[in-house]
Amino acid sequence: MRLDGKVAVITGAASGQGAAAARRFAEEGAAVVLLDWSADQGKAVAAELTEAGRRAVFHQLDISDEPAVAETIAAVRAEFGTIDVLFNNAGIGYSSNDTYNMTTVLDTPPSHWRKILEINLDGAANVTRHVLPIMIEGGGGSIINNASINGIVGMPGADAYTASKGGLVALTRVWAVDYGRKGVRVNCICPGSIRTPMMADAIKSAEDEEHFSNNLLGRMGTSEEIANIALFFASDESSYLTGVILPADGGWTAQ
Ligand SMILES: NC(=O)c1ccc[n+]([C@@H]2O[C@H](COP(=O)([O-])OP(=O)(O)OC[C@H]3O[C@@H](n4cnc5c(N)ncnc54)[C@H](O)[C@@H]3O)[C@@H](O)[C@H]2O)c1
């Protein structure tokens, strides 16, 4: 029970890595607050957890809507009293191709560029802005940002996505600097290719499969593997870590 008695807020908890983290954190004793703009899936994950005897609630939220974030986090505080862990995980990526261009700066219309940054970067800042004072008042906490290896190395295309994830890597460091003495640790996971709904549209052939498995372990990662890293950063086992940018990519960036 590594998160016994803790309250954990997870964004993008309806699917993929966020849903896996909600399950993993709840298994380890946390009360989990699942936030997502996808209501049906989010409610289903929360219901699965409550049926298993865990404490879990779902709130529908678009993290790019700042006033809605303020209202939701205030409601969470009213219900749970405090927030100990925040997993800034929600994001849009490759499966959003039909809606938002995931391509070079030359081919990304400014409206798409703005939307990707509004969700992936501003969204994480919006939630953090409202959670941080609660953590500080409670004596500290752990914030985990889910960025991407796109934020630490140059990869072809997906320029707006890359900017958003690079921004999240930079924010991890500055939040660690600003809030370490207030008891808040801030760390960042940079996943490589993880088999989630986000990647589903990007894998259309055996060549795509091979492309995304081209790392030292020869396979894509799983949501559960990322959830285990988030759990480590959330728990006191990582009590001396802050400002860490951790690639979780089967060694892809080591090649
Ligand atoms: N899958 C990968 O290979 C991979 C690699 C690197 C980084 N990531 C990052 O991991 C995170 C989780 O992605 P995933 O792979 O689990 O994908 P996913 O699509 O399964 O999950 C993303 C979740 O975020 C939610 N979401 C998106 N925009 C939102 C918004 N504005 N407000 C609230 N919720 C919103 C979606 O509804 C969804 O439930 C993302 O930030 C993504 O960029 C994924």
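Here the structure is a predicted model, which means the values were calculated and not measured.

### Observations concerning the nonpolar core
One finds Val-33, Ile-73 and Ile-83 to be the most contacted residues of the largest nonpolar core, which totals 34 residues. Every element with two or more residues in this core is listed here: strand S1 (7-11), strand S2 (31-36), helix H3 (66-80), helix H4 (110-137), helix H5 (159-179) and strand S6 (184-191). Considering each element in turn, this core owes the most residues, eight residues, to H4. Ile-73 has contacts with Leu-35, Ile-83, Val-127, His-130, Val-131 and Ile-134, leaving out every residue within four places of it along the chain. Core analysis: the second largest hydrophobic core is formed by 32 residues, Ile-10, Ala-46, Ala-56 and Ile-229 among them.

### So, the pairing of S1
Counted residue by residue, S1 has five buried out of five residues, so it is predominantly covered. Burial of S1 is two-sided: the residues Val-7, Val-9 and Thr-11 facing one way and the residues Ala-8 and Ile-10 facing the other way are all buried. With helix H1 (residues 16-27) bridging S1 and the parallel S2, this β-α-β connection has right-handed handedness. Across three bridges, S1 lies against strand S4 (residues 85-88) in parallel orientation. Its bridge partner lying in S4, Val-9 is registered against Leu-86.

### Some details on the packing of H4 against H5
One way to put it is that H4 packs onto H5 with a least axis distance of 8 Å and a crossing angle of 20°. Classified by the interaxial angle, the pair formed by H4 and H5 is roughly parallel. Crossing of H4 against H5: the hand is right-handed. Each of Trp-113, Ile-116, Leu-117, Asn-120, Leu-121, Ala-124, Ala-125, Thr-128, Leu-132 and Ile-136 in H4 lies in contact with H5, whose residues at this interface are Asp-159, Ala-160, Tyr-161, Ala-163, Ser-164, Lys-165, Gly-167, Leu-168, Leu-171, Trp-175 and Tyr-179. Across the contact of H4 with H5, the residue classes tally to 15 nonpolar, four polar and two charged.

### Some words on the pattern of salt bridges
If you walk through the whole model with that rule in mind, you get eleven salt bridges. Note that Glu-118 and Arg-114 form a salt bridge whose closest N and O atoms lie 3.8 Å from each other. With a gap of four residues between them, Glu-118 and Arg-114 both fall in helix H4, about one helical turn apart. Of the residues examined, Arg-114 reaches a relative accessible area of 39% and is grouped as partly exposed. Glu-118 is the salt-bridge partner of Lys-115, the closest N and O atoms lying 3.3 Å from each other. Note that Lys-115 and Glu-118 are positioned in helix H4 at a spacing of three residues, about one turn of the helix. Taking the relative accessible area as the measure of exposure, Glu-118 reaches 27% and is therefore partly exposed. Through salt bridges with shared partners, a single ionic network connects Arg-114, Lys-115, Glu-118 and Asp-122.

### Details of the side chain of Ser-223
Assignment of secondary structure puts Ser-223 in helix H8 (residues 223-234). Among all residues touching Ser-223, those that are not within four sequence positions of it are Gly-16, Gln-17, Ala-20, Ile-194, Arg-195 and Thr-196.

### What about the environment of Gly-29?
With respect to the secondary-structure elements, Gly-29 resides in the loop between H1 and S2. Under the relative-accessibility criterion, Gly-29 is labelled buried at 19%. Taking the C-alpha atoms as reference, Gly-29 lies 4.2 Å from Asp-4; in sequence the two are 25 residues apart. Contacts of Gly-29, omitting those with residues within four sequence positions, involve Met-1, Leu-3, Asp-4 and Gly-5.

### Section: the sheet that holds strand S3 (residues 56-60)
With parallel pairing, the seven strands of this open sheet are ordered in space as S3-S2-S1-S4-S5-S6-S7. Among the strands making up the open sheet, the edge pair consists of S3 and strand S7 (245-248). Strand-to-strand, the axes of this sheet are offset by a mean angle of 15°, without reference to chain direction. One ladder, built from five bridges, connects S1 with S2; its direction is parallel. Paired with Val-9 across the bridge in S2 is Val-33. In the packing of helix H2 (residues 39-51) onto the sheet, the strands contacted are S2 and S3, and the crossing angle to S3 comes to about 170°. Helix-sheet contacts for H8 involve S4, strand S5 (141-146), S6 and S7, and the interaxial angle to S6 is about 165°.

What counts, and where the lines are drawn
- Residues numbered from 1 in each chain as written.
- Predicted model: local features only at pLDDT ≥ 70, side-chain atom pairs only at ≥ 80, totals over all residues.
- Heavy atoms only, no water.
- Core = buried A, V, L, I, M, F, W, Y, C linked by side-chain atoms within 4.5 Å.
- Buried < 20%, exposed > 50% of the residue type's maximum accessible area, 1.4 Å probe, protein only.
- Helix = DSSP H or I, 4+ residues; strand = E, 2+ residues; numbered from the N terminus.
- Contact = heavy atoms within 4.5 Å.
- Right-handed = clockwise from strand over helix to strand, strands pointing away.
- Pairing = 2+ DSSP bridges.
- Axes fitted to C-alpha atoms, helices over the stretch in contact; angles between N-to-C directions.
- Parallel < 35°, antiparallel > 145°, perpendicular 65-115°, else oblique.
- Left-handed = near helix turned anticlockwise from the far one by under 90°.
- Nonpolar A, V, L, I, M, F, W, Y, C, P; charged D, E, K, R; others polar.
- Salt bridge = Lys/Arg side-chain N within 4 Å of Asp/Glu carboxyl O.

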